[in-house]
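Chain residues, written in single-letter form:
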Amino acid sequence: MIIKEVAFNSPEHKLSVALRDEVLRKPLGLQFSEEELSEEFDSYHLVAMNDSDEVVACLVLKPITPQEVKMRQVAVREDQRGKKLGSLMVQFSEVFALDNGFELITLHAREVAEKFYVKLEYDKEGELFEEVGIPHYKFKKKLV
């Protein structure tokens, strides 16, 4: 298993979009538009790949300010869940963000992922809100 950054529109990036679509979008009856995906050109795309070069987990880091990056679209393939891969991806993204000069990670987590982010020492901000038709919380973590 290797975790790495992949280039926007690369074959690995396209595999990560397919995983995000399968895990995050299809269950909600949603699909990515070309416009949505084109807006990710300036984001960092991180993937976990197995020995068969399959993307088994991914996430996106979108720069908000020179100090803040927003974590988005965290997805782990169903057959890889329960193996701490999501935690490894988030921890990798924190080091990656620090290495790229960011001091703060923010994110909108689905309500079902609340305990996951609390365990990883993210601070919940505010009340539950709706995004893409489901409940979310805002979280943040200072990296320095």
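The next thing to look at is the environment of Q73. Within the secondary structure, Q73 sits in strand 4 (residues 68-76). Assessed through its relative accessible area of 16%, Q73 is described here as buried. For the pair Q73 and V60, spaced 13 residues apart in sequence, the C-alpha to C-alpha distance is 5.9 Å. Filtering out sequence-adjacent residues up to four positions away, Q73 remains in contact with R20, L24, R25, F32, C58, L59 and V60.

Turning our attention to the sheet that holds strand 1 (residues 2-6). What the 7 strands build is an open sheet, ordered 1-2-3-4-5-7-6; its pairing is mixed. Across the chains shown, the open sheet's two edge strands, defined by having one partner strand only, are strand 1 and strand 6 (123-131). On average, adjacent strands in this sheet sit at an angle of 25° to one another, irrespective of strand direction. As judged from the 6 bridges shared by strand 3 (residues 55-63) and strand 4, these two strands associate in the antiparallel manner. Each bridged residue has a counterpart across the sheet, and for A57 the counterpart in strand 4 is V76. Contacts from helix 1 (residues 11-25) reach strand 1, strand 2 (44-49), strand 3, strand 4 and strand 5 (104-110), with the element oriented near 95° to strand 3. Against the sheet, helix 3 (residues 85-99) contacts strand 1, strand 2, strand 3, strand 4, strand 5 and strand 7 (134-142), and its axis sits at roughly 35° relative to strand 3.

Another point: the side chain of N50. Within the element layout of this structure, N50 appears in the loop between strand 2 and strand 3. Of the polar contacts made by the side chain of N50, one reaches the side chain of E54; its length is 2.7 Å. Ignoring any residue separated from it by four or fewer positions in sequence, one finds N50 in contact with M1, V56 and R77.

Before going further, it helps to examine the packing of aromatic side chains. Across all of its chains, the model carries 7 aromatic pairs by this definition. For the pair Y44 and F96, a centre-to-centre distance of 5.1 Å together with 75° between the ring planes defines the contact as edge-to-face. Placement of Y44 in strand 2 and of F96 in helix 3 is noted, with a sequence separation of 52 residues between them. Through pairs of rings, three or more aromatic residues link up here, namely F116, Y117, Y122, Y137 and F139.

Moving on to the layout of surface pockets. Roughly 930 Å³ of volume is contained in the largest pocket. Elements with a contribution of two residues or more to the lining of the largest pocket: helix 1, strand 4, helix 3, strand 5 and helix 4 (114-119). When residues in the lining of the largest pocket are grouped by element, the largest group, 7 residues, is from strand 4. Tallied by class, the residues present in the lining of the largest pocket amount to 18 nonpolar, 7 polar and 10 charged.

Moving on, we come to the nonpolar core. Core analysis: the biggest nonpolar cluster contains 25 residues, and L61, M71, I105, L107, Y117, Y122 and F139 have the highest contact counts within it. Secondary-structure elements contributing two or more residues to this core are strand 2, strand 3, strand 4, helix 3, strand 5 and strand 7. Beyond its immediate chain neighbours, meaning those up to four positions away, F139 contacts I105, T106, L107, A109, E114, Y117, V118, Y122, D123 and K124. By size, the runner-up hydrophobic cluster in this structure holds 9 residues, among which are V6, V23, M49 and C58.

Looking now at helix 3. An α-helical turn contains 3.6 residues, so any two residues separated by three or four positions project in the same direction. A rise of 1.5 Å per residue sets the reference length of helix 3, with its 15 residues, at 21 Å; its end C-alpha atoms lie 21 Å apart and thus fit the reference within 8%. Every buried residue of helix 3 is listed here: L85, G86, S87, M89, V90, S93, E94, F96 and A97.

About the cut-offs
- Residues numbered from 1 in each chain as written.
- Predicted model: local features only at pLDDT ≥ 70, side-chain atom pairs only at ≥ 80, totals over all residues.
- Heavy atoms only, no water.
- Helix = DSSP H or I, 4+ residues; strand = E, 2+ residues; numbered from the N terminus.
- Buried < 20%, exposed > 50% of the residue type's maximum accessible area, 1.4 Å probe, protein only.
- Contact = heavy atoms within 4.5 Å.
- Pairing = 2+ DSSP bridges.
- Axes fitted to C-alpha atoms, helices over the stretch in contact; angles between N-to-C directions.
- Polar contact = N/O pair within 3.5 Å; in protein donor to acceptor, adjacent residues only side chain to side chain.
- Phe/Tyr/Trp six-rings, centres within 6.5 Å; stacked < 30°, edge-to-face > 60°.
- 1 Å grid on protein atoms, 1.4 Å probe; cavity = no way out; pocket = protein on both sides within 12 Å on 5 of 7 lines; lining within 4 Å.
- Points joined across faces, edges and corners; volume = space filled by probe spheres on them.
- Nonpolar A, V, L, I, M, F, W, Y, C, P; charged D, E, K, R; others polar.
- Core = buried A, V, L, I, M, F, W, Y, C linked by side-chain atoms within 4.5 Å.
- Expected span 1.5 Å × (residues − 1).

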